[in-house]
Amino acid sequence: MSRIVLFGGSFNPIHKGHLAIAKAALKQVHAHELWFLPTLLSPLKDVELASFEHRCQMIELMIKPFRKLKLSRIEAEREGLSYTYDTVKQLIERYPEHQFIWLMGSDQMMKFNQWYKYNELIELIRFAVYPRDEKHSITPPFIKIEASDIYPNASEAIRQGEVHYTQADVVRYFMENTLYVDGIVKHSLSDDRYKHVQAMTQLALRLADAHQLNQRQVYLAAMLHDIAKEWPKEKLKQWITFVYPNYLDKAPAIWHQKVGAAYASRVLKIRDPQVLKAIAHHVEGNSDPLSKVIYIADKCDATRGFDASELIDLALHDLDRAYQAVRKTQMEYLDKEKHI
């Protein structure tokens, strides 16, 4: 019989720790393959999940180089919550030629008695466990998996902007599909700045709708336009010196537009030149429609503390005239900033 390790989880998103654990388990239990089984819905977690298919696509990107690592979409065949007992029973019936081992973290082992039909489940399949806490004692009938680079809570950290915990292709995928963007921005900014970004994004999307612009591009550029706004000056200076040294003679208050675009490209793996251009020019403006929308929305959203309703009405009908009107006011502001 072929020995198959089943690695269930939300994988929201998959990260380097998942990959290290999978490879360790594959080797230590002498399995022929390991199958990732993303849950459709998890009965023991209340975190909002990216769609099942998005999570599957990210898993496939992560495991592509490894021939013994596979993806199973079996959880999508059933509606409702994902119970391991039902999944295991279905797999045993479908693949009688395989011997299955279920892989889980020690945190799940500690609450195993909360699992649906856990007494029957332990009779159906063997369990391998990797330690998520050194205080957890893994004893028979559970098989202990020794794994380094587990990265506890890495999926949550990625959703908050620590994207180095996963591979670049995965980061590029979830940014292109606008997954986790709100969480990344929220954890990068103060509450007040985040409120500005939210309000500005809503206005930018209104303008995009009025002028038939791509909503995804507008959303990304708007949400990320201030991603570097609250960085320490020294950090901003280090980045601007590296990515745009000619900009050093500009007012430090506007460095964040160029640094933000560089961060979006280099760290968040955004490739869309129009999105990057709109971020890079949201303070000084640019002539393409997407940049105009971001520029106007940034200056006229409700959190700015003044009545911009006339400018917004103008922008909804005539983007070019509104851009020129807003730009005139902004140039006066920037001229004052040079002397600060």
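To be clear, the structure that these remarks concern was listed above.
A brief report on the enclosed structure follows. The shown structure was predicted, so the numbers you read here are calculated from the model rather than taken from an experiment.

Looking only at helices and strands, one finds 16 helices and six strands in the chain. Principal-axis analysis of the C-alpha atoms places the extent of the chain at approximately 75 × 40 × 35 Å. Nonlocal contacts in the chain, meaning residues at least 24 apart in sequence, comprise 67% of its contacts between residues at least 6 apart. As displayed, the chain has an accessible area near 17000 Å², and 48% of this comes from carbon and sulfur atoms. Charged side chains in the chain number 45 positive and 43 negative. The centres of these two groups are separated by 5 Å.

A packed helix pair is summarised by two numbers, namely the angle formed by the two axes and the spacing between the axes. Relative to each other, helix α9 (residues 191-210) and helix α10 (residues 215-224) sit at 155 degrees, their axes nearing to 9 Å. Relative to α10, α9 is oriented roughly antiparallel. At the point where α9 passes α10, the crossing takes the right-handed sense. For the pair formed by α9 and α10, the contact residues are Val197, Met200, Thr201, Ala204, Leu205, Ala208 and Asp209 on the first element and Gln215, Val218, Tyr219, Ala222 and Met223 on the second. Considering only residue class, the contact of α9 with α10 consists of nine nonpolar, two polar and one charged.

The next thing to look at is the environment of methionine 62. You can see methionine 62 is positioned in helix α2 (residues 52-63). A relative accessible area of 0% means that methionine 62 is categorised as buried. Once the C-alpha coordinates of methionine 62 and asparagine 177 are considered, the two residues, 115 residues apart in sequence, prove to be 16 Å apart. The contacts of methionine 62, once residues within four sequence positions are left out, are Ile14, His15, Lys16, Leu19, Thr166, Gln167 and Val170.

So, about the side chain of arginine 159. With respect to the helices and strands, arginine 159 occurs in helix α6 (residues 154-159). Glutamate 156 is the oppositely charged side chain nearest to the buried, salt-bridge-free arginine 159, at an N-O distance of 5.3 Å. Those residues within four positions of arginine 159 in sequence are excluded, and the remaining contacts are Asn12, Pro13, Val47, Tyr180, Gly183 and Ile184.

Moving on, we come to the nonpolar core. The biggest cluster of nonpolar side chains holds 92 residues, and the ones touching the most others in it are Leu34, Phe36, Leu103, Phe174 and Met175. Examining the composition of this core, we find that eight residues originate from one element, α9, more than from any other. If we skip the residues at most four places from it in the chain, leucine 103 touches Val5, Leu6, Phe7, Gly8, Ile21, Ala25, Leu34, Ala128, Tyr130 and Ile145. Counting 20 residues, the second largest nonpolar core, distinct from the first, contains Trp35, Leu37, Leu91 and Val129.

So, about the pairing of strand β5 (residues 126-130). Most of β5 is tucked away, with four of its five residues classed as buried. Across five bridges, the pairing between strand β4 (residues 98-105) and β5 is parallel. The residue bridging glycine 105 from the neighbouring strand is tyrosine 130, located in β5. As paired elements, β5 and strand β6 (residues 143-144) share two bridges and run parallel to each other. Of the residues in β6, the one forming a bridge with alanine 128 is isoleucine 143.

Cut-offs applied
- Residues numbered from 1 in each chain as written.
- Predicted model: local features only at pLDDT ≥ 70, side-chain atom pairs only at ≥ 80, totals over all residues.
- Heavy atoms only, no water.
- Helix = DSSP H or I, 4+ residues; strand = E, 2+ residues; numbered from the N terminus.
- Contact = heavy atoms within 4.5 Å.
- Areas by Shrake-Rupley, 256 points an atom, 1.4 Å probe, with all protein chains shown as cover.
- Lys, Arg positive; Asp, Glu negative; His and termini not counted.
- Charge placed at Lys NZ, Arg CZ, Asp CG, Glu CD.
- Axes fitted to C-alpha atoms, helices over the stretch in contact; angles between N-to-C directions.
- Parallel < 35°, antiparallel > 145°, perpendicular 65-115°, else oblique.
- Left-handed = near helix turned anticlockwise from the far one by under 90°.
- Nonpolar A, V, L, I, M, F, W, Y, C, P; charged D, E, K, R; others polar.
- Buried < 20%, exposed > 50% of the residue type's maximum accessible area, 1.4 Å probe, protein only.
- Salt bridge = Lys/Arg side-chain N within 4 Å of Asp/Glu carboxyl O.
- Core = buried A, V, L, I, M, F, W, Y, C linked by side-chain atoms within 4.5 Å.
- Pairing = 2+ DSSP bridges.

Functional significance is not addressed by these values, which are geometric in nature.
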